[in-house]
Amino acid sequence: MLRERIQASNYSFLDKLRSIDYLLILLIIAIGSISVFAIYSTEGGKFSFYTKNHIIRLSVFFSLFLLLSFVRVSTWYKNAYLFYFVGLLLLITVLFFGISASGAKRWINLYFLNLQPSELMKIAVIICFARYYHRIQSSDIQSYKFLIQPIILLIIPCYLVIQQPDLGTSILIAGSGIAIIWLAGLNIKYFVYSGLLLLVSLPFAISILKPYQKSRILTFFNPDRDPLGAGYQIIQSKIAIGSGGFFGKGYLKGTQSYLEFLPEKHTDFIFTLFSEEFGFLGSIILLLLYILLIYRIINVGLVSRSFFAKLYCFGFATAIFLYVFVNIAMVLGMLPIVGAPLPIMSYGGSSLLSIMLGLSIVMSCKIYNQEQISAY
Amino acid sequence: MLNRGRNIEKGRVITRRMFILAAAKILLFAGISSRLYNLQISDREKYEILSDKNRIREWKTPPQRGIIVDNFNKVLASNDRVFQLHLILDEINDFDVTIFKIKNLIGLDQFQIKKLYKKKERLKPWDTLVVSDNLTWEQFSKINLYLHELEGAKPVLSTSRFYPYANDLVHIVGYVGDASPKDLEKPEIKENFVPGLKVGKYGIENSQEKMLIGNYGIKRYEVNASGKRISQIDYIKERQGNKVNLTIDIEIQKYAQELLKEKAGSICAMDIYTGEVVAMASSPTYDPNKFTHGINQKDWKEIKNNPLKPLINKSIAGLYSPGSTFKPLVALAALEYGILDPNKTIRCKGHKHPYELYGVKYHCWKKEGHGYMKLRNAIKQSCDIYFYEMARLLGVDRLSIIAKRYGLGTNVLGDLYNDEKKGLVPDTKWKKRALEQSWYLGETVINGIGQGYIQTTPLQLCLMTAQIANGGYKIKPHIIKDDSINYKDILNKIKLDQSNFPLHERNYLDDINVEYYQRMYHKKSNINFVLDAMFGSTNEQYGTSYKSRYDDPKYQFAGKTGTSQVRRITDLDRELDLDTDQIEYKKRDHALYVAFAPYKDPRYAISVIIEHGGSGSKAAAPLASKLIKRIIDRHKLREQFNNGNTSLA
């Protein structure tokens with residue numbers, strides 16, 4: 001057994017190349033290419049600022065992804081808490097030195113990139129929780145002692161992100177964290193109870209929301225309440241998607257976005273633009289690509305030996321799912337507008353960076369899937 | 001091993017939980033897919049419409065109004081080029097500044113500026129504000145010079161209604177103006193309206209709106225979210241309104257108006273076979289061009305306060321007692337009913353021995369009396385005594401049947417003019433119904449000389465004369481050319497009926513409706529008798545209009561004078577026997593004249609009314625005489641033109 005373990009940690013480069021999940025890479029390239037075309041379309045078919053930046057970021061972060069894929073999964077494991085605390089530190093930095101845009105303070109100026117630490121925190125929470133639960137015996141999981149720690153670990157970044165304010169990212173961070181707690185095997189009754197508690201406290205929660213957040217929620221229930229104000233985005237988004245029909249209006253022919261009826265079309269509403277131009281068919285294909293991506297990530301988790309890798313992959317897959325679901329459900333008017341980007345597709349460096357980082361850890365889990373990680 | 005077992009258990013838990021999560025993910029993705037299906041496939045049409053509504057904005061372009069021409073295709077109402085200044089509201093950053101600059105350039109007053117602000121409030125932010133629809137060339141070139149400083153200003157060459165014969169036709173053609181809320185309720189205007197479009201306010205312009213208004217064009221633009229035009233997608237061209245062809249001869253119309261200058265009154269002329277109104281003048285008149293861009297207060301007051309009432313179309317809306325012009329019809333009625341032998345003699349003994357009925361005295365207009373009169377002479381010299389007696393014998397009800405049949409008491413031009421008056425042909429039933437009183441015989445007696453309750457319009461008198469002159473055939477009077485009527489056929493039909501003269505089986509004396517171009521008389525000889533008497537009235541000595549006659553058979557006409565009292569004549573008046581000039585204007589009699597010409601083979605009927613003009617023979621007949629000459633001179637031209645037109649059709 002010991003020999004096995006040692007052997008398992010000694011991979012030849014050829015072995016590493018052989019165990020790369022090429023389908024996963026293909027999927028990333030596919031979604032990445034689609035995103036380039038979509039961003040190009042948001043600029044009215046001109047090769048300009050956003051498209052250029054997006055291509056540069058994609059290639060840089062994709063290379064980074066390939067490079068980081070060869071980092072041993074144990075290295076990630078070892079540095080998981082560090083990652084988390086660096087993320088937390090950055091969030092606190094934002095609180096004091098962040099730069100503001102449209103009323104929110106979310107970014108740190110790194111000169112080559114305006115880093116959004118909350119995006120990194122999405123991954124940091126997953127990796128941190130995966131490590132945390134990796135070493136906890138299943139018998140201990142139900143105990144309060146071990147439950148209270150992750151909850152604190154979760155509440156701190158969520159609170160900091162809400163302060164920015166960024167409800168969407170905060171919910172996504174919380175969601176991924178909770179997903180891992182769930183995966184680790186915490187008794188279902190806790191989820192049921194806290195779910196009920198959430199329902200009961202919802203009125204109080206709403207009362208402490210910021211006015212614009214309240215209006216977003218009210219608008220969600222009735223977009224026609226203020227069609228030119230708060231309801232505008234969702235109404236225009238639905239019009240764009242609906243008018244796309246089965247085959248769409250054709251590439252670069254989406255009138256809603258071309259004529260600037262669509263807000264935030266390169267970021268949160270990129271799916272709307274895509275769906276308007278490529279229709280139901282295109283949307284379903286894109287959705288399938290995401291499903292495949294999630295499936296491949298889960299698959300990596302299934303073939304991994306360590307709990308850390310499993311928890312991480314399942315957790316990350318769930319996070320990707322959450323991002324995709326929240327974003328698309330939002331632009332379809334099924335959820336309130338909370339500001340959540342569509343992974344890879346949306347224009348935005350931090351989001352892309354964190355996704356690529358997350359994927360590189362998945363890939364590292366795949367390459368080193370036989371590696372056993374002892375509990376430190 | 002225990003540790004290992006635990007680990008296997010933990011792995012199982014993680015995997016199981018992962019699958020539960022995966023199942024939830026699949027469910028939620030299915031939810032998204034069904035939502036997409038709903039939006040993009042089930043509700044696609046709804047969202048497509050909304051998307052088009054978003055991106056496509058329509059601008060309506062105003063149509064050109066149809067032109068109005070006279071019988072000879074001379075343009076009576078055209079569309080003239082005008083200089084306008086429009087403001088494209090969405091191109092203006094500061095409306096106040098722009099207006100201020102424009103004010104200084106073209107000199108708007110405080111009132112006009114206030115109006116512009118009011119107008120702007122009613123417009124949508126992407127609409128066009130018409131600052132002025134009729135700039136002078138000077139103002140227009142100034143605007144063009146400073147155009148670079150005026151945001152959103154657009155100098156526009158547009159068209160507006162122009163009436164080249166201004167005053168001469170206003171009562172027929174009418175005029176246009178801004179649409180009122182009431183105008184906008186009319187379907188033909190509602191369907192075709194574009195802001196700023198002028199609509200018909202009176203006359204042909206008003207009643208023929210459907211023909212004239214045309215259809216607006218549509219310019220469809222793709223616009224972006226802020227309303228800026230990106231590209232023109234579609235342009236449905238506007239369609240000009242149809243031409244309206246009148247039966248009026250503008251030369252005769254102009255001449256008629258000239259004859260009426262400085263007088264209040266009306267002249268109507270009609271083709272006695274086709275029913276075409278050749279002229280329909282009303283005086284005094286006013287300039288319709290002043291209304292096109294909104295009339296100013298001073299001009300409006302002047303028109304409104306004129307005591308001669310230029311706004312009233314006297315030909316159809318002026319009501320007058322027909323006076324003696326009614327006599328031929330009374331005579332015809334008496335003959336048709338066989339009340340009286342035309343050779344019956346009645347003595348007119350002058351004012352000293354007036355006609356008496358139940359103690360009431362009825363005077364003839366002639367102080368010294370006419371002496372012994374037979375019917376022909378009574379018509380010729382317009383003896384009132386003879387007609388008092390004849391009316392008494394005839395009775396008002398029988399008279400009213402004939403009067404109505406020959407065109408009195410109903411609208412002549414249908415619903416073409418909303419102010420046309422029906423007039424009144426009284427009978428016993430009417431009086432019972434309207435006044436709840438019984439009829440007095442004395443009222444019949446004065447009815448016999450066209451006084452009393454009876455009220456007629458000049459055009460009705462013209463129609464009455466025409467239908468007697470054409471031999472007693474019902475015609476369809478009209479002022480808009482009717483292509484469905486073949487004039488040649490009508491003429492031939494009536495003339496054929498006149499020459500082949502079978503006896504009638506129908507009792508024409510009952511109150512019946514006669515079809516167009518059918519005979520209305522009972523006995524042809526009765527018609528001929530009346531026509532001959534009218535000939536005598538004009539062309540024989542002692543005839544009331546002898547002085548206005550023509551000896552040339554080409555122009556020779558027959559007519560009947562009339563003098564209609566506007567008040568009861570008292571014994572004092574009779575004693576004073578003042579000349580017209582000596583009487584206060586308002587109290588003077590109306591002068592009337594009806595005639596047809598030429599006497600041999602007549603073609604035209606004419607009626608003249610001069611309000612407070614005095615006697616018919618002095619004030620009205622000479623005008624008729626002059627106009628008749630002009631009409632007959634132009635007859636050949638008209639005939640050729642109309643036949644040419646018919647053959648073309």
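Predicted, not measured: the structure shown is a model, and the values here were computed from it.

**Some points on the overall build of chain A**
A tally of helices and strands in chain A yields 16 helices and three strands. In terms of overall size, chain A behaves like a compact globule, its C-alpha atoms giving a radius of gyration of 21 Å where 376 residues would be expected to give roughly 21 Å. Its C-alpha atoms put chain A at 65 × 50 × 40 Å along the principal axes. A total of 376 residues make up chain A; the buried ones form 56% of that total. Long-range contacts, defined here as pairs at least 24 residues apart, represent 73% of the contacts in chain A between residues at least 6 apart. Summed over all atoms, the accessible surface of chain A reaches about 15,900 Å², with 69% contributed by carbon and sulfur. Charged side chains of chain A number 28 positive and 15 negative; the gap between the two group centres comes to 8 Å.

**With respect to the pattern of salt bridges**
Residues and elements named next belong to chain B. Inspection of every chain in the model, using the stated rule, returns 35 salt bridges over all chains. Residue R634 is joined to D249 by a salt bridge in which the shortest nitrogen-to-oxygen separation is 2.6 Å. Of this pair, R634 sits in the loop between α24 (616-633) and α25 (635-648) while D249 sits in the loop between β10 (244-245) and α10 (250-259); the two residues are 385 residues apart in sequence, bridging distant segments of the chain. The residues R634 and D249 share a single accessibility class, namely buried. Here K404 ties to D427 by a salt bridge, and the two come within 3.5 Å at their closest N and O atoms. Separated by 23 residues along the polypeptide, K404 in helix α17 (residues 396-405) and D427 in the loop between α17 and α18 (428-435) bring together distant segments of the chain. Judged by its relative accessible area of 13%, D427 falls in the buried class.

**A short note on the sheet that holds strand β3 (residues 114-115) of chain A**
All names here are of chain A. In space, the three strands of this open sheet follow the order β1-β2-β3, with antiparallel pairing throughout. Bordering the open sheet on either side are β1 (99-101) and β3, each of which pairs with just one other strand. Inspection of the sheet shows β1 paired to strand β2 (residues 104-109) by three bridges, in the antiparallel sense. Paired with S100 across the strands is K105, a residue of β2. The sheet contacts of helix α6 (residues 80-97) involve β1, β2 and β3, and relative to β2 the element is tilted by about 110 degrees.

**Description of the domain arrangement of chain B**
All names here are of chain B. Per the domain assignment, the segments of chain B are domain 1 (58-245) and domain 2 (250-648). The C-alpha centroid of domain 2 is placed 44 Å from the C-alpha centroid of domain 1. For the pairing of domain 1 and domain 2, the buried interface totals around 2,900 Å² over both sides, and the portion due to carbon and sulfur atoms is 58%. If you sort the residues of domain 1 by the area they bury against domain 2, N71, F72 and H171 come out on top, with a joint share of 25%.

**Describing a negative patch on the surface**
On the surface, a cluster of negative charge is made up of E368, D577, D579 and D581 of chain B. As for its placement among the helices and strands, D581 of chain B is situated in the loop between α23 (571-576) and β18 (590-597).

**Focus: the packing of aromatic side chains**
Applying the stated rule across the entire model yields 42 aromatic pairs over all chains. Here the aromatic rings of Y362 of chain B and Y388 of chain B are separated by 5.6 Å at their centres, their planes lie at 55 degrees, and the arrangement is tilted. Here Y362 of chain B, found in strand β15 (residues 360-362), pairs with Y388 of chain B, found in helix α16 (residues 384-394); they are 26 residues apart in sequence, far enough to count as distant. When its relative accessible area of 4% is taken as the criterion, Y388 of chain B is described as buried. Summarising the aromatic geometry, the rings of Y550 of chain B and F557 of chain B are spaced 5.9 Å apart at their centres and angled 70 degrees between planes, so their arrangement reads as edge-to-face. The buried category is assigned to Y550 of chain B, whose relative accessible area is 17%. Taken together through their ring pairs, the aromatic side chains of F37, Y251, F274 and F278 of chain A make up a single cluster. Here K122 of chain A stacks its cationic end above the ring of Y323 of chain A, 4.1 Å away from the centre of that ring. Its guanidinium or amino end placed over the ring of F95 of chain B, K120 of chain B lies 4.4 Å from that ring's centre, counting from NZ or CZ.

**Some details on a positive patch on the surface**
Residue and element names in this part refer to chain B. On the surface, K114, K115, K118, K119 and R122 cluster together to form a positively charged patch. Looking at where K114 falls in the secondary structure, it is placed in helix α4 (residues 110-122). K114 gets classed as exposed once you look at its relative accessible area, which sits at 64%.

**Let's talk about the pairing of strand β17 (residues 558-564) of chain B**
Residue and element names in this part refer to chain B. With six of seven residues buried, β17 lies mostly within the body of the structure. Both β17 and β18 contribute to a ladder of seven bridges, which runs antiparallel. Bridge pairing in β18 places T563 opposite A591.

**A closer look at helix α16 (residues 349-367) of chain A**
The end-to-end C-alpha distance of α16 of chain A is 26 Å, a good match for the 27 Å that 19 residues give at a rise of 1.5 Å each. In terms of burial, α16 of chain A is largely enclosed, as 19 of its 19 residues are buried.

**Examining the interface of chain B and chain A**
Across the boundary between the two partners, chain B contributes 38 residues, which contact 57 residues of chain A. Here chain B meets chain A over a buried area of about 4,100 Å², counting both sides, of which 71% is carbon and sulfur. Linking chain B to chain A there are zero salt bridges. The interface formed by chain B and chain A includes 13 residue pairs in polar contact (both at pLDDT 80 or more). Listed by contribution, the elements that provide at least two residues to the side of chain B that touches chain A are α1 (2-42), α2 (44-55) and β8 (217-223) of chain B.

**A closer look at the pairing of β8 of chain B**
One face of the sheet, then the other: side chains in a regular strand alternate in exactly this way. All names here are of chain B. In terms of burial, β8 is largely enclosed, as five of its seven residues are buried. In this structure, strand β1 (residues 56-61) lies alongside β8, joined through six bridges in antiparallel fashion. In the sheet register, I56 faces β8, and the bridge partner there is E222. The sheet contact formed by β8 and strand β9 (residues 229-236) spans six bridges and is antiparallel. Note that in β9 the partner of I218 across the bridge is I236.

Procedures and definitions
Residues numbered from 1 in each chain as written. Chains lettered and ligands numbered in written order. Predicted model: local features only at pLDDT ≥ 70, side-chain atom pairs only at ≥ 80, totals over all residues. Heavy atoms only, no water. Helix = DSSP H or I, 4+ residues; strand = E, 2+ residues; numbered from the N terminus. Rg over C-alpha atoms; globule rule 2.2 N^0.38 Å. Buried < 20%, exposed > 50% of the residue type's maximum accessible area, 1.4 Å probe, protein only. Contact = heavy atoms within 4.5 Å. Areas by Shrake-Rupley, 256 points an atom, 1.4 Å probe, with all protein chains shown as cover. Lys, Arg positive; Asp, Glu negative; His and termini not counted. Charge placed at Lys NZ, Arg CZ, Asp CG, Glu CD. Salt bridge = Lys/Arg side-chain N within 4 Å of Asp/Glu carboxyl O. Pairing = 2+ DSSP bridges. Axes fitted to C-alpha atoms, helices over the stretch in contact; angles between N-to-C directions. Domains from an automatic or database assignment. Buried area = accessible area lost by both parts, 1.4 Å probe. Patch = residues over 30% accessible without salt bridge, like charges linked within 9 Å, V, L, I, M, F, W, Y side chains within 5 Å. Phe/Tyr/Trp six-rings, centres within 6.5 Å; stacked < 30°, edge-to-face > 60°. Lys NZ or Arg CZ within 6 Å of the ring centre and 35° of its normal. Expected span 1.5 Å × (residues − 1). Polar contact = N/O pair within 3.5 Å; in protein donor to acceptor, adjacent residues only side chain to side chain.

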